[in-house]
Number of protein chains: 2
Amino acid sequence: VDATSARGRYLEDLAVGDAAERSFTVAEGDLAAFAAVSHDTNPIHLDEAYAQTTVFKGRIAHGMMLASYISAVLGTELPGPGSVYAGQTLNFKRAVRIGDTVVVRVAVKAIDEKTGVVTLTTVCSLGRKAMLDGEAKVLVPRRADGAGAA
Amino acid sequence: VDATSARGRYLEDLAVGDAAERSFTVAEGDLAAFAAVSHDTNPIHLDEAYAQTTVFKGRIAHGMMLASYISAVLGTELPGPGSVYAGQTLNFKRAVRIGDTVVVRVAVKAIDEKTGVVTLTTVCSLGRKAMLDGEAKVLVPRRADGAGAA
């Protein structure tokens, strides 16, 4: 990545209603990969025989993997690089499975001009169903702070 | 994992104040691995030259990687396998870097006997500093529901 291009939106460039959307498909190998890096080896994600005995009747993706898709959209698209993640609420509503293609949509809900904190709604959907929703709080630099400030 | 042993605590086994703690060290390769599985390729995590130009003065771990450590403790230790992740709040307070060893502590704050929802405080610390805190909500099966119910 070219450092000079790795620059998301400034606070002045954001308006309530601005949105970004991206789709993610859960590959079978992603569950083992996420388990390895997170150390979250809960068998519901890794052991099909065990998972079949649960209410889910099969392996499900880590909830935090879906949450990380939200982070991906925030950190690469809206507001993009340079913004600082301050908070996130997560409501896990339905389980996502191997092969599912989910759509993450983030939308600017509020902008605090004084603090630079931007609140975004964050939803991860499968078809018309919300699988995970919540809100993000992101600190967004001002253009006046300079391009290299954050 | 033996399906019969993959069984965390039941609601009846939990009491306010119960806690679990585990430490995690962020290896350099973890940042690229987390970026690959999450698709979160924000250069603050991957590009040292870019990261040096930011307020962080170097690469930092994905906030959601720390959040996934919380999920690891919830999903493997307290309450452990069989519990269902219903929600999490995350307050990102300080950046974690390559080589840092953080300690995640989860503690039972409240138990709703009617709904089976258990609230836990969740803190990720480096030394005496909280790097990430928040609360988890987890649905915990009752012993009466049967060992294979969740």
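Residues numbered from 1 in each chain as written. Chains lettered and ligands numbered in written order. Predicted model: local features only at pLDDT ≥ 70, side-chain atom pairs only at ≥ 80, totals over all residues. Heavy atoms only, no water.

1. Some thoughts on the overall build of chain A
Okay, so step 1: In terms of regular secondary structure, chain A is built from 4 helices and 5 strands.
Okay, so step 2: Along chain A, helices and strands appear, N-terminal first, in the series β-α-α-α-α-β-β-β-β.
Okay, so step 3: The principal-axis extents of the C-alpha atoms in chain A amount to approximately 55 × 30 × 20 Å.
Okay, so step 4: For chain A, with 150 residues in total, the buried portion stands at 53%.
Okay, so step 5: Across chain A, every contact between residues at least 6 apart in sequence was considered, and the portion connecting residues at least 24 apart equals 67%.
Okay, so step 6: For chain A, the accessible surface area stands at approximately 6,200 Å², while carbon and sulfur atoms represent 52% of it.
Okay, so step 7: Separation between the mean location of the 16 positive side-chain charges and that of the 17 negative ones in chain A comes to 6 Å. (Helix = DSSP H or I, 4+ residues; strand = E, 2+ residues; numbered from the N terminus. Buried < 20%, exposed > 50% of the residue type's maximum accessible area, 1.4 Å probe, protein only. Contact = heavy atoms within 4.5 Å. Areas by Shrake-Rupley, 256 points an atom, 1.4 Å probe, with all protein chains shown as cover. Lys, Arg positive; Asp, Glu negative; His and termini not counted. Charge placed at Lys NZ, Arg CZ, Asp CG, Glu CD.)

2. Looking at the side chain of Thr119(B)
Okay, so step 1: As for its placement among the helices and strands, Thr119(B) is situated in strand β4 (residues 117-126).
Okay, so step 2: For Thr119(B), the contacting residues outside a window of four places in its chain are Ala107(B), Val108(B), Lys109(B), Ala110(B), Glu135(B), Ala136(B) and Lys137(B).

3. Some points on the packing of helix α4 (residues 63-76) of chain A against helix α1 (residues 28-38) of chain B
Okay, so step 1: Packing of α4(A) against α1(B) brings their axes to within 9 Å, and their N-to-C directions diverge by 90°. Between α4(A) and α1(B), the crossing angle belongs to the class labelled roughly perpendicular. When α4(A) is examined against α1(B), the residues Met65(A), Ser68(A), Tyr69(A) and Ala72(A) are found in contact with a partner set consisting of Phe34(B), Val37(B) and Ser38(B).
Okay, so step 2: Grouping the amino acids of the contact of α4(A) with α1(B) by side-chain chemistry returns 5 nonpolar, 2 polar and no charged. (Axes fitted to C-alpha atoms, helices over the stretch in contact; angles between N-to-C directions. Parallel < 35°, antiparallel > 145°, perpendicular 65-115°, else oblique. Nonpolar A, V, L, I, M, F, W, Y, C, P; charged D, E, K, R; others polar.)

4. Looking at the interface of chain A and chain B
Okay, so step 1: In this complex, chain A contributes 44 residues to the contact, which on the side of chain B involves 44 residues.
Okay, so step 2: Taking both sides of the interface into account, the surface hidden between chain A and chain B amounts to around 3,600 Å²; carbon and sulfur atoms contribute 61%.
Okay, so step 3: Applying the counting criterion to the chain A and chain B interface returns 0 salt bridges.
Okay, so step 4: Taken together, chain A and chain B are joined by 10 residue pairs in polar contact (both at pLDDT 80 or more).
Okay, so step 5: Going through the elements one at a time, β1 (19-25), α1 (28-38), α4 and β2 (84-92) of chain A are the ones with two or more residues in the side of chain A that touches chain B.
Okay, so step 6: The residue inventory of the side of chain A that touches chain B, partitioned by class, reads 24 nonpolar, 16 polar and 4 charged.
Okay, so step 7: Examined bridge by bridge, β2(A) and strand β2 (residues 84-92) of chain B share 5 bridges and lie antiparallel to one another. For Leu90(A), the partnering residue across the bridge sits in β2(B) and is Gln88(B). (Buried area = accessible area lost by both parts, 1.4 Å probe. Salt bridge = Lys/Arg side-chain N within 4 Å of Asp/Glu carboxyl O. Polar contact = N/O pair within 3.5 Å; in protein donor to acceptor, adjacent residues only side chain to side chain. Pairing = 2+ DSSP bridges.)

5. Comments concerning the sheet that holds strand β3 (residues 101-111) of chain A
Okay, so step 1: Taken in spatial order, the 10 strands line up as β1(A)-β3(A)-β4(A)-β5(A)-β2(A)-β2(B)-β5(B)-β4(B)-β3(B)-β1(B) in an open sheet, and their pairing is antiparallel. Pairing within the sheet leaves two strands with one partner each, and these edge strands are β1 of chain A together with β1 (19-25) of chain B. The average undirected angle you get between the axes of adjacent strands in this sheet is 20°.
Okay, so step 2: Alignment of β1(B) against strand β3 (residues 101-112) of chain B, held across 7 bridges, turns out to be antiparallel.

6. Considering the relation of the copies chain A and chain B
Okay, so step 1: Structural alignment of chain A on chain B gives an RMSD of 0.0 Å, achieved by rotating through 180° and translating 0.0 Å along the axis. Here the symmetry operator amounts to a two-fold rotation axis. Measuring from the rotation axis to each C-alpha of chain A, the shortest distance belongs to Thr89(A), at 2.2 Å.
Okay, so step 2: With an isologous cut-off of 70% or more, the 100% of interface residues of chain A that recur at the interface of chain B puts this contact in the isologous class. (Least-squares fit on C-alpha atoms with pLDDT ≥ 70 in both.)

7. Considering the confidence of the model for chain A
Okay, so step 1: This prediction gives chain A a mean pLDDT of 92; 93% of its residues lie at or above 70.
Okay, so step 2: Taken together, the chains of this predicted complex give a pTM of 0.92 and an interface ipTM of 0.92. (pLDDT = per-residue confidence, 0-100.)

8. Topic: the pattern of salt bridges
Okay, so step 1: Scanning the entire structure with this criterion turns up 14 salt bridges over all chains.
Okay, so step 2: The partner of Lys93(B) in a salt bridge is Asp133(B), with the nearest N and O atoms 3.5 Å apart. Within this pair, whereas Lys93(B) is found in the loop between β2 and β3, its partner Asp133(B) is found in strand β5 (residues 129-139), the two being separated by 40 residues in sequence.
Okay, so step 3: Several salt bridges share partner residues, and in doing so they unite Glu28(A), Glu48(A) and Arg59(A) into one network.

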